[in-house]
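Analysis of the macromolecular model
Letter by letter, the chains look like this.
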Amino acid sequence: MKKKDMNKQAKIQDAVAAIILAEGPAGVSTTKVAKRVGIAQSNVYLYFKNKQALIDSVYARETTRILSTTDIARLSDATIDLSTRIRGYVQQVYDYSLAHPDSLTIMQQIKALNGQPMTVLPGVADPNNIVVKLLTAAVDAQVIKPLPVSLHMGVVFSTIHTHTTNISQGRYSATQYSFDDIFQLIWDAMKRN
């Protein structure tokens, strides 16, 4: 058995991401991926067992990238009030999306293919997920509307994704609307009246 080259695995994931951006996740095939990377199709199977594993690995990679920029300690610090922590969560997603607009597009495409609701973090039903805990606490404390956490996460993701897509496609400049403008839109949708 050949030894796995982690650099090659990253190149395969990059190729999958490029195909998703150009054609959507349904356009991904091991043949296309191998051609983009410049390897034999059989080599793709050294790293991923099938097309779904390729797509899932790219989703996991993008999620890990977002999580690596998230200040988990601050989001879970109970000495900070809930609305401030929610603002911090939204700010972190916003900043990440401005820096990496394709990442959220890739995640959205994959979730749509899998018929799943869009969230920023995986495992919405996982009670250990810090964002789920944060938003659940905010619902329980009547800070945000008594709606499923996945809907609140969807508001954050969809609004920010649409905003950063508009910027990247030149519909308006990054300075035309501030974070405060975008946050206020999101907060108005989430907060309990």
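Residues numbered from 1 in each chain as written. Predicted model: local features only at pLDDT ≥ 70, side-chain atom pairs only at ≥ 80, totals over all residues. Heavy atoms only, no water.

Thoughts on the environment of Pro146
Considering the arrangement of structural elements, one finds Pro146 in the loop between helix H8 (130–140) and helix H9 (149–168). Sequence spacing of Pro146 and Arg192 is 46 residues, and the spatial spacing of their C-alpha atoms is 7.8 Å. If sequence neighbours within four positions are ignored, Pro146 has contacts with Val139 and Arg192. (Helix = DSSP H or I, 4+ residues; strand = E, 2+ residues; numbered from the N terminus. Contact = heavy atoms within 4.5 Å.)

Considering the packing of aromatic side chains
Inspection of the entire model under this criterion finds four aromatic pairs. Between Tyr172 and Tyr177 the ring centres are 4.8 Å apart and the planes differ by 80 degrees, which places this aromatic pair in the edge-to-face class. The partly exposed category is assigned to Tyr177, whose relative accessible area is 34%. Between Phe183 and Trp187, the aromatic rings sit 5.8 Å apart at their centres with planes inclined by 15 degrees, giving stacked as the arrangement. In this pair, Phe183 and Trp187 both sit in helix H10 (residues 179–190), four residues apart, roughly one turn of the helix. Each member of the pair, Phe183 as well as Trp187, is classed as buried. By way of ring pairs, the aromatic residues Tyr94, Phe179, Phe183 and Trp187 are connected into one cluster. (Phe/Tyr/Trp six-rings, centres within 6.5 Å; stacked < 30°, edge-to-face > 60°. Buried < 20%, exposed > 50% of the residue type's maximum accessible area, 1.4 Å probe, protein only.)

Observations regarding the nonpolar core
If you look at the biggest cluster of nonpolar residues, it comprises 49 residues, and the most contacted ones within it are Val33, Ile86, Tyr89, Val90, Leu135 and Ile160. Sequence-distant contacts of Val33, that is, excluding residues within four places in its chain, are made with Ile12, Ala15, Val16, Ile19, Val28, Val44 and Leu54. (Core = buried A, V, L, I, M, F, W, Y, C linked by side-chain atoms within 4.5 Å.)

As for the side chain of Ser103
Tracing the backbone through its elements, the reader meets Ser103 in helix H7 (residues 101–113). Ser103 gets classed as buried once you look at its relative accessible area, which sits at 4%. A polar contact is formed between the side chain of Ser103 and the side chain of Glu62, at a distance of 2.5 Å. Excluding anything up to four places from it in sequence, Ser103 contacts Glu62 and Tyr96. (Polar contact = N/O pair within 3.5 Å; in protein donor to acceptor, adjacent residues only side chain to side chain.)

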